[in-house]
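Next come the chains, spelled out residue by residue.
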Amino acid sequence: MTVRETDVLVVGGGLGGVAAALAAARLGRRVVLTEESSWLGGQMTSQAVPPDEHPWIESQGATRSYRRLRQNIRDYYRRTYELSDDARAAGLLNPGGGLVSAICHEPRAGLAAIEELLAPHRADARVVVLAGHEPVGAETDGDRVTAVTVRSRESGERLTITAPYVLDATELGDLLDLAGVEHVTGAESRADTGELHALDGPASPLDQQAFTWCFAMDYHPDADFTIDRPADYARWRGYQPDIWPVPLLSWDDVHPRTLARRHRPLFAHIDSPRGHVADDWWNYRRIFSAAHHAPGRYGSDITLVNWPQVDYMAGPLIGVDERTRAGHLEASRQQSLSFLYWMQTEAPRLDGGTGYRGLRPRGDVLGTGDELAMRPYIRESRRIRAELTVLEQHVGVEAREEAGLPAGSEVFADSVGVGAYRIDLHPGSGGPEGPRSYIDIADHPFQIPLGALIPQRVENLLPAGKNIGTTHVTNGCYRLHPVEWTIGEAAGALAAHCLDTGSTPRAVRNDPARLETFQQLLTTALGFQLGWPEHLRTAAL
């Protein structure tokens, strides 16, 4: 077995992992970055989901490097496409024109933007990327992780990597499990956290948010791109969770905030996928807009299907054996294919007909040879037992009001960044009693406390994604693209800083002078924002 040594090992190449590698490299450290899939970027690329962001993202609420990432995406379109004059002149170009984000885009554009950020550090091997490698083992010595073993998914060969600092940026917090780092899964009890929207009864480790196998499609009304009937179509055609008003394969669903039945068709107008409207699915997560180009150049927009109909609620990915986990992953694929087939063959059309046979799956846009994205979209991970756990009382509007706390989110003296998004929990496995419905509630723009990145016991492993010290509830607002990036960047910077100063993450957090020095590094060298202006900290999303 080959052994390799580096300064910082980042396991997982999603947005948090990429940001961690960039930060450590910019601060002069050698980094090995591993990723299971062939693409870096996680939820933005291999999982295919355009950024979920807050309304102030164009001016604040992100790090300098995240703003550079977004600019790289826009520049990619200006460099590589023959945009219309209006699109080229748009200072804040939304490439796909989707309604869910100010920068909806094709996954390849996100990948190109990430590769551009990494390029100068890869040229001299300051950052070495091992794509197609999954973690399979970890060695520990007391309260330290001494080595991690990864395996090539293609060849099966194993590589052991040693590093003074190891960062877990995997989608499910796999390294926490492999290294025996104390962690939490699923939903906590209100008796344990005091949270307003935690479970009334005991904690439920298997109550985890739905994951989703996304796909992209375009539309050519005069063509027929109907896929083969999926093997499990009969199951999914009749599947109706107890919390759902109709079978899942339908244009009706549940409004996440009111929990009332909602009707939203594919197109707001008969066979018309174009136009900026809020009452159809086509424009919701559109990642390519034909209107941004010369008339007639492209025959269709491309939209990304990350909708309630493909949220997999039938079982979790964490806390089950490998066979069960593999079964859930395959069932999720079948659910997504079944929804596509239903849309093509049975879905009610506004003109009274059934089926949109001209819907063409675009796995090629997602880097695959089939209809679906490379990887499932993961919303929830294992979470470390941290020195500080972010609770609903720290950020939730209603929870803070009920507790008699001051208006606005909690102010953390050890802040290492900011974020903003509603607490948005999708229905999920729900544990033994089946899925619970949405929890979609208002919160305040928030800070990311360093204490949430410090494990209670282990000294040299840091979380670099959705696996920080949040609860099931607060994960709902700390899991989105720019927040994951900031968490990863802070973790990478912390590892490099500790190597430079001979300190430890715990000492940095708990010594005011060391903490101030680190926070100055974040703000001056890396362009972090550590707090919100008061009028935004007290705003409600």
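This text follows the structure it describes.
What counts, and at which threshold
Residues numbered from 1 in each chain as written. Predicted model: local features only at pLDDT ≥ 70, side-chain atom pairs only at ≥ 80, totals over all residues. Heavy atoms only, no water. Helix = DSSP H or I, 4+ residues; strand = E, 2+ residues; numbered from the N terminus. Rg over C-alpha atoms; globule rule 2.2 N^0.38 Å. Buried < 20%, exposed > 50% of the residue type's maximum accessible area, 1.4 Å probe, protein only. Contact = heavy atoms within 4.5 Å. Lys, Arg positive; Asp, Glu negative; His and termini not counted. Charge placed at Lys NZ, Arg CZ, Asp CG, Glu CD. Axes fitted to C-alpha atoms, helices over the stretch in contact; angles between N-to-C directions. Parallel < 35°, antiparallel > 145°, perpendicular 65-115°, else oblique. Left-handed = near helix turned anticlockwise from the far one by under 90°. Nonpolar A, V, L, I, M, F, W, Y, C, P; charged D, E, K, R; others polar. Core = buried A, V, L, I, M, F, W, Y, C linked by side-chain atoms within 4.5 Å. Pairing = 2+ DSSP bridges. Phe/Tyr/Trp six-rings, centres within 6.5 Å; stacked < 30°, edge-to-face > 60°.

Colleague: Even after reading the chapter, I still don't get the overall build of the protein, so can you show me in this structure?
Modeller: Within the protein, the regular secondary structure consists of 15 helices and 23 strands. Relative to a compact globule of 541 residues, whose C-alpha radius of gyration would be 24 Å, the protein shows 23 Å and is just as compact. The burial tally for the protein puts 64% of its 541 residues in the buried class. Within the protein, residue pairs in contact and separated by at least 24 positions form 73% of the contacts whose partners lie at least 6 positions apart. Charge-centre separation for the protein: the mean point of 53 positive side chains lies 3 Å from the mean point of 71 negative side chains.

Colleague: Quick question: what am I supposed to make of the packing of helix α2 (residues 64–80) against helix α12 (residues 481–501) here?
Modeller: Helix packing for two helices is described by the angle between their axes and how far apart those axes are. Axis separation between α2 and α12 bottoms out at 9 Å; the angle between their running directions is 130°. Looking at the two axes, α2 sits oblique to α12. Regarding α2 and α12, the two cross each other, and that crossing is right-handed. Of the residues in α12, those in contact with Ser65, Tyr66 and Leu69 of α2 are His481, Pro482, Trp485 and Glu489. When grouped by side-chain class, the residues that make up the contact of α2 with α12 number four nonpolar, two polar and one charged.

Colleague: Would you mind going over the packing of α2 against helix α4 (residues 107–123) with me for this structure?
Modeller: Closest axis-to-axis distance for the α2/α4 pair is 8 Å, and the angle between their directions is 120°. In terms of their interaxial angle, α2 and α4 are classed as oblique. Our pair here, α2 against α4, has a crossing hand that is right-handed. Seen from α2, the contacting residues are Ser65, Arg68, Leu69, Asn72, Ile73, Tyr76, Tyr77 and Arg79; seen from α4, they are Ala109, Gly110, Ala112, Ala113, Ile114, Glu116 and Leu117.

Colleague: Is there a simple way to explain the nonpolar core in this structure?
Modeller: One broad rule of soluble globular proteins: the nonpolar side chains tend to lie buried together. Met217, Leu266, Phe339 and Met343 are the most contacted members of the largest nonpolar core, which totals 129 residues. Sorting elements by how many residues they give to this core places α12 first, with ten residues. With residues near it in sequence (within four places) discarded, Leu266 still touches Met217, Trp251, Asp280, Trp281, Trp282, Trp307, Tyr356 and Leu359. Counting residues in each nonpolar core, the second largest holds 20 residues, with Leu9, Val145, Ala386 and Val458 among its members.

Colleague: How should I be thinking about the environment of Arg537 in this particular structure?
Modeller: For Arg537, the location among the structural elements is in helix α15 (residues 534–537). With a relative accessible area of 13%, Arg537 lands in the buried category.

Colleague: Honestly, the sheet that holds strand β2 (residues 8–11) in this entry has me stumped. Any pointers?
Modeller: The strands making up a sheet associate through hydrogen bonds between their backbones, and the pairing can be parallel or antiparallel. As summarised here, the arrangement of the five strands in space is β4-β3-β2-β8-β23, forming an open sheet in which the pairing is parallel. Strand pairing shows two members of the sheet lacking a second neighbour, β4 (127–131) and β23 (461–463), which therefore form its edges. With strand direction ignored, the average angle separating the axes of adjacent strands in the sheet is 20°. With four bridges joining them, β2 and strand β3 (residues 31–35) adopt parallel strand pairing. Considered in β3, the bridge of Val10 is made with Leu33. Contacting β2, β3, β4 and β8 (165–168), helix α1 (residues 15–26) runs over the sheet at an angle of about 170° to β3. Contacts from α12 reach β2, β8 and β23 within the one sheet, and its direction differs from that of β8 by about 175°.

Colleague: Which parts of the structure should I look at to understand the sheet that holds strand β17 (residues 359–361)?
Modeller: Taken in spatial order, the four strands make up an open sheet running β14-β15-β11-β17, and their pairing is antiparallel. Across the chains shown, the open sheet's two edge strands, defined by having one partner strand only, are β14 (286–288) and β17. Adjacent strand axes in the sheet meet at a mean angle of 35°, parallel and antiparallel pairs treated alike. Note: strand β11 (residues 215–219) against β17, three bridges, orientation antiparallel. Bridge pairing links Met217 to Pro361 in β17.

Colleague: Any chance you could explain the packing of aromatic side chains here in plain terms?
Modeller: Each aromatic ring pair is described using two quantities: the centre-to-centre distance and the angle formed by the ring planes. Enumeration over the complete set of coordinates arrives at 23 aromatic pairs. Look at Tyr219 and Phe267: their rings are 5.1 Å apart centre to centre, the planes differ by 45°, and that puts the pair in the tilted class. Linking Tyr219 in strand β11 with Phe267 in the loop between β13 (261–263) and β14, this pair joins segments that are 48 residues apart in sequence. This pair shows no difference in class: Tyr219 is buried, exactly as Phe267 is. Seen from their ring centres, Tyr233 and Tyr341 are 4.9 Å apart, and the 80° between their planes marks the pair as edge-to-face. Of this pair, Tyr233 sits in helix α7 (residues 233–237) while Tyr341 sits in helix α8 (residues 322–345), and the two are 108 residues apart along the sequence. Assessed through its relative accessible area of 1%, Tyr233 is described here as buried.

Colleague: Even after reading the chapter, I still don't get the pairing of strand β19 (residues 415–419), so can you show me in this structure?
Modeller: For a regular strand, side chains alternate in direction, first toward one face of the sheet and then toward the other. Across the five residues that make up β19, a large majority, five, are buried. As judged from the three bridges shared by β19 and strand β22 (residues 446–449), these two strands associate in the antiparallel manner. Looking at β22, one finds that Ser415 is bridged to Pro449.

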